[in-house]
Amino acid sequence: MSTARGIVIVGSGQGGVQLADSLRGEGYTGPIDLFGTEVHLPYQRPPLSKDFLGVPDETGQDATALPIRAEKFFVERDVTFHPGVGVETIDPAAATITAVDGQVLPYRDLVLATGARNRALRIPGAELAGVHSLRTLDDAAALRADLLTARRALVVGAGFIGLEFAASARAHGVEVTVLEMAPRMMGRVLSPEMSDHFHGQHTAAGVRTVFGEGITEILGEDGRVVAGVGSSGTRYPADLVVVGVGVLPNIEIAQQAGLAVGNGIVVDEYLRSSDPHVWALGDCCAYPDARTGALIRLESVQNAVDQAKILARTLTGTPTPYAATPWFWSHQGGNRLQIAGLIPTDARSVLRGDPASGSFSVFRFVGDDFAGAESVNNAADHLAARRILDRSLPLTPEQVADPTFDLKGHSRTSPVPAA
């Protein structure tokens, strides 16, 4: 057992690995221990619902999991990686952690990058073979194996994961029905205009969507799913069910240690928890939004990576608050969706470009204040929107609606200092 007090990172996802890398980049030379509950080399999660589930390529090869860093990274960066070893308890008073394998490790600073887990369906039949959630590499491997022989798939939830899977399943020629309790697709994050566009795209690809419909039971024969029963009583035949009804932050270890928690591990603008030597980042943490001060929790690679880079500066002697502009993406078939900013659901929409062309954006405003933008197959608009938000540049609905307005040029202008 080491007695050196270094930095212990709990969670080997995108944020945890980035933090280890950034700490070395910022000049930290002390011990770094990285604990991960999965036995695999840390890998990228976003491709699991897209490329990893795709059909074999022209050589007959399937996609493989993409590592976050090569295996040699841990040696070259002098990071002690503990694969398949979770952390069971934290003792903030003693500044130690106890791992599930029994080892007790002291820390100078502890960073919780524990991520989130899929929300489970608690209905009869949820345990049947052929019922899947999708978050880990093992989840994706099991789902892909079933997908290769499936004829009819039922998707519960029209969020990013469910719709990304639906697009992949259609590429396999599988019939797909999506059940969604809300009145439109991705309603928590998209404008009505963009929701309608994606509904049309999925419908054209052969996906059937039933809105206002949940699921109450999954029926099986010989231990395997044969159908789902909707809240309307309708029976939907399926030999494969994918559940995408949201996630829950992994906060239990922080809660047991007496740290402040809510919808995530509560941290300040420096990502410090209620204990001065315990920090949190990524999907598991609730932090104050730099623009509104409200506690928010984001589930995105960008957020985890940017928080890790900022926290590395703080842990190496340069306290830096986290104030990055949130952005998100989703690939669904031939549609690359990119979102810049946290956009209120009641924001008004201004269209830029022609949806029929397959490349356009919806800019969102609260009053006349620019709140963010949703872009499809239009990286230029997305990057311009991010720069405008990053620099707090003014942008009016009239400018956006004018097709001759130089959005890219405007995003590169210098901010006007406040009076």
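Residues numbered from 1 in each chain as written. Predicted model: local features only at pLDDT ≥ 70, side-chain atom pairs only at ≥ 80, totals over all residues. Heavy atoms only, no water.

*Asks:* So, the overall build of the protein: which residues are in play, and what are the values?
*Replies:* The helix and strand tally for the protein stands at 10 helices and 26 strands. For the C-alpha atoms alone, the extent of the protein along its principal axes is close to 70 × 60 × 45 Å. Residues counted as buried form 50% of the 419 residues belonging to the protein. Long-range pairs, those at least 24 residues apart, make up 59% of the contacts in the protein between residues at least 6 apart in sequence. For the protein, the exposed surface amounts to about 18500 Å²; the carbon and sulfur share of it is 52%. Here the protein contributes 35 positively and 47 negatively charged side chains, and the mean placements of these two sets differ by 3 Å. (Helix = DSSP H or I, 4+ residues; strand = E, 2+ residues; numbered from the N terminus. Buried < 20%, exposed > 50% of the residue type's maximum accessible area, 1.4 Å probe, protein only. Contact = heavy atoms within 4.5 Å. Areas by Shrake-Rupley, 256 points an atom, 1.4 Å probe, with all protein chains shown as cover. Lys, Arg positive; Asp, Glu negative; His and termini not counted. Charge placed at Lys NZ, Arg CZ, Asp CG, Glu CD.)

*Asks:* Before we move on, could you go through the side chain of Ser 273 and cite the residues and values that matter?
*Replies:* Here Ser 273 lies in the loop between strand E18 (264-266) and strand E19 (278-280). Looking at Ser 273, its side chain comes within polar contact range of the main-chain oxygen of Val 278, at 2.8 Å. (Polar contact = N/O pair within 3.5 Å; in protein donor to acceptor, adjacent residues only side chain to side chain.)

*Asks:* Break down the pattern of salt bridges for me, citing the residues and quoting the values.
*Replies:* Inspection of the entire model under this criterion finds 12 salt bridges. The closest approach of N and O atoms between Arg 297 and Glu 299, which form a salt bridge, is 3.0 Å. Look at Arg 297 and you get buried, because its relative accessible area is 15%. Ionic pairing is found between Arg 348 and Asp 368, a salt bridge with its closest N-O pair at 3.2 Å. (Salt bridge = Lys/Arg side-chain N within 4 Å of Asp/Glu carboxyl O.)

*Asks:* How would you sum up the sheet that holds strand E24 (residues 348-354)? Please name residues and give values.
*Replies:* Within the open sheet, the 5 strands sit side by side as E22-E23-E26-E25-E24. Their pairing is antiparallel. Whereas interior strands pair on both sides, the edge strands pair on one side only; in this sheet they are strand E22 (327-332) and E24. Neighbouring strand axes in the sheet, compared pairwise and without regard to direction, differ in orientation by 15° on average. Note that strand E25 (residues 359-366) and strand E26 (residues 369-376) share 7 bridges and pair antiparallel. Bridged to Phe 363 within E26 is Ala 373. This element, helix H4 (residues 160-171), spans E22 and strand E23 (335-340) of the sheet and lies at about 25° to E22. (Pairing = 2+ DSSP bridges. Axes fitted to C-alpha atoms, helices over the stretch in contact; angles between N-to-C directions.)

*Asks:* Now, about H4: what can you tell me, with residues and values included?
*Replies:* Over its 12 residues, H4 extends 17 Å from the first C-alpha to the last, a length consistent with the 16 Å expected when each residue adds 1.5 Å. Here H4 has its buried residues at Gly 162, Leu 163, Glu 164, Phe 165, Ala 166, Ala 167, Ser 168 and Ala 169. Just beyond H4, the residue with positive phi is Gly 173, at close to 85°. (Expected span 1.5 Å × (residues − 1).)

*Asks:* I'd like to hear about the packing of helix H1 (residues 14-25) against helix H7 (residues 301-315), residue by residue, with values.
*Replies:* The description of two packed helices rests on the angle between their axes and on the distance between the axes. Orientation of H1 relative to H7, taken along the N-to-C sense of each, is 30°, at an axis distance of 8 Å. Remark: the crossing between H1 and H7 carries right-handed chirality. Of the residues in H7, those in contact with Gln 14, Gly 15, Gln 18, Leu 19, Ser 22 and Leu 23 of H1 are Val 301, Ala 304, Val 305, Ala 308, Lys 309, Leu 311, Ala 312 and Leu 315. Residues of the contact of H1 with H7, tallied by class, amount to 9 nonpolar, 4 polar and 1 charged. (Left-handed = near helix turned anticlockwise from the far one by under 90°. Nonpolar A, V, L, I, M, F, W, Y, C, P; charged D, E, K, R; others polar.)

*Asks:* Now, about the side chain of Gln 302: what can you tell me, with residues and values included?
*Replies:* Secondary-structure assignment places Gln 302 in helix H7. If we ignore the near neighbours within four places in the chain, the residues touching Gln 302 are Tyr 322, Ala 324, Thr 325, Pro 326, Trp 327 and Trp 329.

*Asks:* For the pairing of E25, give the residues involved together with the corresponding values.
*Replies:* Buried residues dominate E25, accounting for 6 of its 8 residues. Two elements, E24 and E25, share 7 bridges in a ladder whose sense is antiparallel. Residue Leu 351 lies in a different strand from E25, and its bridge partner there is Val 362. If you look at the hairpin formed by E24 and E25, you'll find 4 residues sitting between the two strands, and Gly 358 has a positive phi there, around 85°. Counted between consecutive antiparallel strands, the loop separating E25 from E26 contains 2 residues, among which Gly 367 sits at a positive phi close to 65°.

*Asks:* How would you explain the UniProt feature "domain: Reductase C-terminal" (unreviewed entry) in the protein if you had to name every residue and give the values?
*Replies:* Per the UniProt annotation, the sites labelled "domain: Reductase C-terminal" (unreviewed entry) are residues 327-408. Taken end to end, residues 327-408 comprises 23% helix and 43% strand; its first and last C-alpha atoms sit 18 Å apart. (UniProt positions renumbered as here; feature names shortened; annotations may be inferred.)

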